[in-house]
Structure formats: structure tokens, C-alpha cells
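Spelled out from the first residue to the last, the chains are:
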Amino acid sequence: MAARVEVTTRMNEALDLFYPMNEFYQRSGVHLPQVVRVEGRDVPEPYRTLLVHDRDMTPTLTEAYQRKMQLRILNRVLTDRVFAREIILEIEGHGKAVVYAAIKVYLDLFPPEAPRLILEGKQAFGAILQGQGIIHSSRPQAFIRVKADDVINHALGLTGRSELYGRRSALLNSSHIPLAQVLEILPPSN
């Protein structure tokens, strides 16, 4: 019985650490990859610089690569004014994937123009927040180490079973209400 409780606890923690990406895995019937929580101080460079902060990922990647980011949507689901999408951010004009992510956005919390732009799917979420002047904060909730599986490898154009790093964050409005939940996974550095 104790072994079953331990396995269930580990599974629930993995679901929580991998949220909202776990919902896309469940929809496609794929098992979650091996994922563990790590402390920010234990995230190795260059991942630490790109992940361990309280800024949005889109502007952070834009600054790090000195290029604009281009959005590629892999999957999208709209239910009751909650919009989820599985995406890749690529370096504009280069096509190199720099993050694989899932985001769940609570559309009713935005001014009228923002949901239209979010649903349109032409811009990264961070670019929309910035462009619409939406006051918000990014709050990392967990840093993760994940073994790349076939899904992650396909999304990031990788092969093998690399250990990658990522973060789970909440984007909060000025009243500290979540605008979105996001999981971001970075490819290996060159």
C-alpha cells in the first residue's frame, strides 16, 4: 500500500510540475516524460540566465538572441473563455526553436483587443502583453529538469534523450490574479 501511495504522489507531483503541458499529453494519449523539480540555484547555465528570473520569456529570449521571436502553434483548445495552446517560439527568419511551451490563458481578464490578438495566434503571448501595455508580473512557481521524450524532441528538433530545463510560471495581473499559466522548456544550448 505504501508503494502505491508513493507512486501516486510522484505522479501527482509530475502532473503539477508539467501543467499545463500535461493536458496536451493527455489529449494525445502520450505518457508524461520524466520530470523533477529543481531549485533555481541548481539550474545550470545558460539555462539559469534564461529561466531563473521574474520576467516574461518572450522578451528574455528576444534579448538573449538579439532577434525577434516568431510563434508557431502546434495545438490549441478554447473552452469556456479559457484558451490553451502548445507552441514553439523560433528565432524570426532562422526557424531555430528556442522554447517549447504550453500556456493556458484566462481571456475574460483582458481588455477587449487582447483576446482577439491571443486567439488570432500571430504573436507570442509576451509580445501581446507588452504591445497592449497590460500591467502584469511573471512568477516562477517551479523549475524543472525533464528527460526529452519523442514529443519534446519533435517540437525542438532534437534526437536522443537529453536532459532539459524549464519552468512553470504564473502571469499575474496588477491585482495578483492569474492571467495565464505557462510551462516552458528550453532546448540544449549550443
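This text follows the structure it describes.
Residue positions within a chain follow its written sequence, with the count starting from 1. Only residues with pLDDT of 70 or above have their local features reported here, since the model is predicted, and side-chain atom pairs are shown and tallied only from 80 upward, although totals for entire chains, interfaces and linings are computed over all residues. For the side-chain quantities, the full set of heavy atoms in the structure was used; hydrogens and water were omitted.

1. Regarding the overall build of the protein
Stated formally: The helix and strand labels rest on DSSP assignments: H or I over at least four residues marks a helix, E over at least two residues marks a strand, and numbering proceeds from the N terminus. This radius of gyration counts C-alpha atoms alone. The globule rule is 2.2 Å times how many residues there are, raised to the power 0.38.
Counting its regular elements, the protein contains 7 helices and 7 strands. N-terminal to C-terminal, the α/β element order of the protein is α-α-β-α-α-β-β-β-α-α-β-α-β-β. By the compact-globule yardstick of 16 Å for 190 residues, the protein fits well, its C-alpha radius of gyration being 16 Å. Its C-alpha atoms give the protein principal-axis dimensions of roughly 50 × 40 × 30 Å.

2. Looking at helix H2 (residues 21-28)
Spelled out, the test is: When accessible area is computed with a 1.4 Å probe and restricted to protein chains, residues below 20% of their type maximum are described as buried, those above 50% as exposed, and intermediate ones as partly exposed.
Residues of H2 that are buried include every one of Met21, Asn22, Glu23, Phe24 and Tyr25, and no others. Directly beyond the C-terminal end of H2, a positive phi value near 75° is found at Gly29.

3. Focus: the packing of aromatic side chains
We apply this condition: To pair, rings of Phe, Tyr and Trp, with the six-membered ring standing in for Trp, must have centres within 6.5 Å; the planes then decide the type, stacked if under 30 degrees apart, edge-to-face if over 60, and tilted in the middle. Consider the ring centre and the ring normal. A charge sits over the ring if Lys NZ or Arg CZ is within 6 Å of that centre and within 35 degrees of that normal.
The final tally for this structure, using the stated rule, is 3 aromatic pairs. Taking the centre distance of 4.9 Å and the plane angle of 50° together, the rings of Tyr47 and Tyr165 count as tilted. Here Tyr165 lies in strand E6 (residues 163-173) and Tyr47 lies in helix H3 (residues 47-51), a separation of 118 residues in the sequence. Across the pair, exposure class does not vary: Tyr47 and Tyr165 are buried alike. Centre to centre, the rings of Phe110 and Phe125 are 5.9 Å apart; their planes meet at 85°, and the pair counts as edge-to-face. Remark: Phe125 occurs in helix H6 (residues 125-131) and Phe110 occurs in the loop between strand E4 (97-106) and helix H5 (113-120); sequence separation between them is 15 residues. Summarising the burial analysis for this pair, Phe110 and Phe125 share the class buried. Just above the ring of Phe24 sits the side chain of Arg27; from NZ or CZ to the centre is 5.5 Å.

4. Observations concerning the sheet that holds E6
The strands that make up a sheet pair up through hydrogen bonds in the backbone, lying either parallel or antiparallel. Note the following rule: Pairing between strands is defined by DSSP: at least two bridges between the two strands are required. With axes taken as lines fitted to C-alpha atoms, and helix axes fitted only over the stretch in contact, angles between N-to-C directions fall between 0 and 180 degrees.
The strand order across the open sheet built from 7 strands is E1-E5-E6-E7-E4-E3-E2, with neighbouring strands paired in antiparallel fashion. Bordering the open sheet on either side are strand E1 (35-38) and strand E2 (69-79), each of which pairs with just one other strand. Mean inter-strand twist for the sheet, computed between neighbouring axes without regard to direction, equals 25°. Looking at chain direction, E6 and strand E7 (residues 178-186) are connected through 8 bridges and run antiparallel. Its bridge partner lying in E7, Gly166 is registered against Ile185.

5. Digging into the pattern of salt bridges
Convention followed: The term salt bridge refers to a side-chain nitrogen of Lys or Arg lying within 4 Å of a carboxyl oxygen of Asp or Glu.
If you walk through the whole model with that rule in mind, you get 11 salt bridges. As a salt-bridge pair, Glu23 and Lys104 come within 2.8 Å of each other at their nearest N and O atoms. A residue pair is termed long-range when its members are at least 10 positions apart, and Glu23 in helix H2 and Lys104 in strand E4 qualify at 81 residues. Here Glu163 makes a salt bridge to Arg145, at a shortest N to O gap of 3.7 Å. With Glu163 in strand E6 and Arg145 in strand E5 (residues 136-147), the pair connects residues that are 18 residues apart, well separated along the chain. Three or more residues joined by partner-sharing salt bridges are found here, namely Glu113, Arg116 and Glu120.

6. Points about the environment of Arg76
Applicable threshold: Residues are treated as being in contact if the distance between any of their heavy atoms lies within 4.5 Å.
Note that Arg76 resides in strand E2. On the basis of relative accessibility, which here comes to 41%, the residue Arg76 falls in the partly exposed class. As for Arg76 and Phe18, which are separated by 58 residues in sequence, their C-alpha atoms are 17 Å apart. Apart from the residues lying within four places of it in its own chain, the contact partners of Arg76 are Phe24, Phe83, Ala84, Arg85, Leu119 and Glu120.

7. Quick notes on H5
Note the threshold: Relevant arc is that of directions from the helix axis to the C-beta atoms, nothing else.
Looking at H5, one finds that the buried residues are Ala114, Pro115, Leu117 and Ile118. Projected down its long axis, H5 shows its buried positions confined to an angular sector of 165°, all on one face. Looking at the buried side of H5, the elements it contacts are strand E3 (82-91), E4 and H6. Backbone geometry just after H5 places Gly121 at a positive phi near 75°.

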